Amino acid sequence: YMARMIQEAKSKGLSLKREAFQESGRRVTLFNGVREWFSRINRYGEERGIRILHYINSSGLKEIIEGTEIAHEFRKIYACSFLYDVDGIAYWPAVAVNYTNKTQFMFKINKGVESVFDSKMVNRYIPENERPVPFKHMIYVGDGTTDIPCMRLVKQQGGHSIAVYNPSSERNRQTSERLLHDQRVNYVCPADYRVDRPIDRLVHAIIDRIASDENLRKFYMK
């Protein structure tokens, strides 16, 4: 779709500038509670001795995501991106992210490899107990078909996968519940991130469990 964007833009005499993508990101409408979500969840984690890190793993455009008002909340944004010429005009896809290679970025997060282009460190063997972000400590929140392999991977590795859906769409709800029925995710919640909504209570409960598991592990290590 990225190459198609460039072709269509050229046929209409338009330039795909980085600034234009970022401006599109500034116009993105967020679900209820998203703005306040990060500071609240971070604070809850700190109270329980858990450091919370947020990542985006998307098949959308990184340049648009960078323009959103919450972009600064993420440690790393893994997403599609363009190559730009000296005038800041996109001329070819640099990174293309689909449902298959999305899982690669999960292993990068798991092993602490933040370079999008690295293909060596991510394949290096690292003992499970030495990996910076264990899968069992991950919470993957997804809302589309390209998220399914990652949600299933995290679930299989002992982490927590949450399928979210637009609260105003019955079709979205049914699609998400099908993922739960097919055992591809652990939980299903409406995409409402306000205080005391289902996903808020669920993530708090998962953080509590991670904290408890870590405390038990410390006793075992003694």
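Structure: above.
Read on for an overview of the structure. (Residues numbered from 1 in each chain as written. Predicted model: local features only at pLDDT ≥ 70, side-chain atom pairs only at ≥ 80, totals over all residues. Heavy atoms only, no water.)

Overview of the sheet that holds strand β4 (residues 139-142)
The line we're drawing: Whether two strands pair depends on DSSP finding at least two bridges between them. For the purposes of this entry, the term helix denotes a DSSP run of H or I that reaches at least four residues, the term strand denotes a run of E that reaches at least two, and both are numbered from the N terminus. Only C-alpha atoms enter the line fits that serve as axes; for helices the fit covers just the stretch in contact. Angles between N-to-C directions range over 0 to 180 degrees. Two residues qualify as a contact provided that any one of their heavy atoms is within 4.5 Å of a heavy atom in the partner residue.
Read across the sheet, 3 strands follow the order β4-β5-β6 without closing on themselves; strand pairing throughout is parallel. Of all the strands in the sheet, the pair left with one neighbour each is β4 and β6 (187-190). This sheet shows a mean twist of 30° between the axes of neighbouring strands, independent of strand direction. Of the pairings in the sheet, the one linking β4 to strand β5 (residues 160-165) comprises 4 bridges and is parallel in character. Its bridge partner being in β5, I139 is matched across the sheet by H160. This element, helix α6 (residues 148-156), spans β4 and β5 of the sheet and lies at about 145° to β5.

Some thoughts on a nonpolar patch on the surface
For clarity, the cut-off: Here a patch means residues that are over 30% exposed by relative accessible area and free of salt bridges, tied together within 9 Å if like-charged and within 5 Å if nonpolar (Val, Leu, Ile, Met, Phe, Trp, Tyr). Computed with the Shrake-Rupley method and a 1.4 Å probe, the accessible areas treat only the protein chains shown as cover for residues. Criterion for a salt bridge: a side-chain nitrogen of Lys or Arg within 4 Å of a carboxyl oxygen of Asp or Glu.
Judged by side-chain polarity, L83, Y91 and W92 come together as a nonpolar surface patch covering roughly 330 Å² of accessible area. Tracing the backbone through its elements, the reader meets L83 in strand β2 (residues 76-84).

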